[in-house]
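The residues making up each chain are set out below.
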Amino acid sequence: MTTAKNIVILGGGESGVGAAHLAVKQGYEVFVSDSGAIADHYRAELESLGVLYEENRHTEERILAADEVIKSPGIPEQAPVITRLRQKAIPVISEIEFAGRHTTAKMICITGSNGKSTTTMLTYHILKNAGLNVGLAGNIGNSLARQVAAGECGFYVVELSSFMLDDMYTFRADIAVLLNITPDHLDRYDYQMEKYVASKFRITRNQKETDVFIYCADDVETMNALYDHTIHAKTYAFSIQKPVEKGAYLEQDNIIFNLDQINQPSLIMTISELALQGKHNIYNSMASGIVAKVLELRNDSIRESMGNFTNIEHRLEHVARISGIDFINDSKATNVNSTWYALESMPGDVVLILGGVDKGNDYEMLRDMVRSKVKAIVCLGKDNKRIHAAFEDDVDLIVNTSSAREAVEVSYHLAKKGDTVLLSPACASFDLFKNYEDRGNQFKQAVKEL
């Protein structure tokens, strides 16, 4: 437990304002600083809390007077204000780390390069339907700190990005789930994959023998990294390629959950029973199912929840079928691997909308999938040179567009009955849009206007 009393919070979004709620409740002196503008509703919250704040600047003298700093995950380590804090040896932590100090709830933490939002939502859905007092936090919904300040849940399902994990020190996941590790956000890790892998494995930090670590036995980076990390928790694996001793695996079209628990029967589900279809969603469902079995939920309850779950917005979201053409919003696919999974689940010819802010993407892994499924690429971004260079020999047509409406109109004319127009950008959104939600919403609106 920290003895710090003077807390500075960098960032006035959901994470920062949530941390301010908890810090005020715990009796800290709080100051919020944001280098950009703070949204009106968050500014109103800070004022109602009596918290001093600044926006569109960082007053270094005020920030460097802090006993401890809580940092928004969106602020990179290389930011000048963070450099100065490190030089002064002022502790910098995440909102998740701060929240964890003030709750005794069980933490079910989920990370991975792809699928973590879907798996987090599915896990929350299963636990809530089973009657557990559970909260949903992290990258989804309200911040963990805000929920801890408002009142106790017995469990929290927390989606953790690598940025959140980087500033986590004493926080402990009672159940940690690592779905996969593929190149993503390498610009934040000096373009060194080993640094990104190490960040993901921080989810196992502080785990004890009574805790649980769930991982994918088919993921090459995860399996290689396991040799370099000491895991104290009980481990369960999931695989669609081979049987596993304890965990979940695919046998023909059946998923077998077997945790070798006393008085807990195995669970067998056919993949057709799952609400979430596609190879990648079998992995996501396996991970969520293992969590449910660890918590000894009833098989019929798990089966029911896995069968009636509705996927999150902007993740392989079916928008409309127009003139026999399906329009799919996968705006949340901000890396190459997510786009690969999206293409893998498409049944026929695809007009693929790609582009945005390239985070050091290696498009090579998409090449075979593009050759076999994509009839045209519509670029949606300010700088599309790398997409042209990557795929000019693989598709007949690559078109540049500069708005969601233009991308949709061009794609509609390129597609024919039975085709799919897929927005799965493989890139961040902030060159043309506020965020991936804004990109997805503009895409959906443009489809509705066809």
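Not measured: the values here are computed from a predicted model. (Residues numbered from 1 in each chain as written. Predicted model: local features only at pLDDT ≥ 70, side-chain atom pairs only at ≥ 80, totals over all residues. Heavy atoms only, no water.)

This part is about the packing of helix α11 (residues 279-294) against helix α12 (residues 299-308). For the pair α11 and α12, interaxial distance at closest approach is 11 Å and the crossing angle is 150 degrees. Here α12 runs roughly antiparallel to α11, going by the angle between their axes. In terms of crossing hand, the pair formed by α11 and α12 is right-handed. Here α11 contributes Ser285, Ser288, Gly289, Ala292 and Lys293 to the contact with α12, which in turn contributes Asn299, Ile302 and Met306. Looking at the contact of α11 with α12, its residues break down into three nonpolar, four polar and one charged. (Axes fitted to C-alpha atoms, helices over the stretch in contact; angles between N-to-C directions. Helix = DSSP H or I, 4+ residues; strand = E, 2+ residues; numbered from the N terminus. Parallel < 35°, antiparallel > 145°, perpendicular 65-115°, else oblique. Left-handed = near helix turned anticlockwise from the far one by under 90°. Contact = heavy atoms within 4.5 Å. Nonpolar A, V, L, I, M, F, W, Y, C, P; charged D, E, K, R; others polar.)

With that settled, the discussion passes to unusual backbone geometry. The phi dihedral of Glu296 is positive, around 60 degrees, even though this residue is not glycine. The partly exposed category is assigned to Glu296, whose relative accessible area is 48%. (Buried < 20%, exposed > 50% of the residue type's maximum accessible area, 1.4 Å probe, protein only.)

In contact at an axis separation of 10 Å, helix α1 (residues 14-25) and helix α2 (residues 40-49) are set at 10 degrees when each is read in the N-to-C sense. In terms of axis orientation, α1 runs roughly parallel to α2. Judged by residue contacts, Glu14, Val17, Ala20, His21 and Val24 of α1 engage Tyr42, Glu45, Leu46 and Leu49 from α2. Within the contact of α1 with α2, the residues separate by chemical class into six nonpolar, one polar and two charged.

Next up on the list: the sheet that holds strand β19 (residues 398-401). An order of β15-β16-β20-β17-β18-β19 is seen for the six strands of this open sheet, with the pairing classed as mixed. At either end of the open sheet lies a strand with only one pairing partner, and these are β15 (317-322) and β19. Adjacent strand axes in the sheet meet at a mean angle of 20 degrees when their direction is disregarded. Where strand β16 (residues 325-329) and strand β20 (residues 420-423) come together, four bridges link them in parallel fashion. For Asp326, the partnering residue across the bridge sits in β20 and is Thr420. Helix α13 (residues 336-344) contacts β17 (350-354), β18 (374-380) and β20 of the sheet and is inclined by roughly 165 degrees relative to β17. Running at roughly 165 degrees to β18, helix α16 (residues 404-414) makes contact with β15, β16, β17, β18, β19 and β20 of the sheet. (Pairing = 2+ DSSP bridges.)

What follows deals with the sheet that holds strand β12 (residues 247-251). Pairing in this open sheet of nine strands is mixed, and the strands run β7-β8-β6-β9-β10-β11-β12-β13-β14 from one edge to the other. The outermost strands of the open sheet, each flanked by one partner alone, are β7 (134-138) and β14 (267-270). Pairs of neighbouring strands in the sheet enclose a mean axial angle of 15 degrees, with direction left out of account. Where strand β13 (residues 254-258) and β14 come together, four bridges link them in antiparallel fashion. Note on β14: the bridge partner recorded for Phe257 is Leu267. Seen against the sheet, helix α6 (residues 116-129) touches β6 (106-111), β7 and β8 (155-159) and runs at an angle of roughly 165 degrees to β8.

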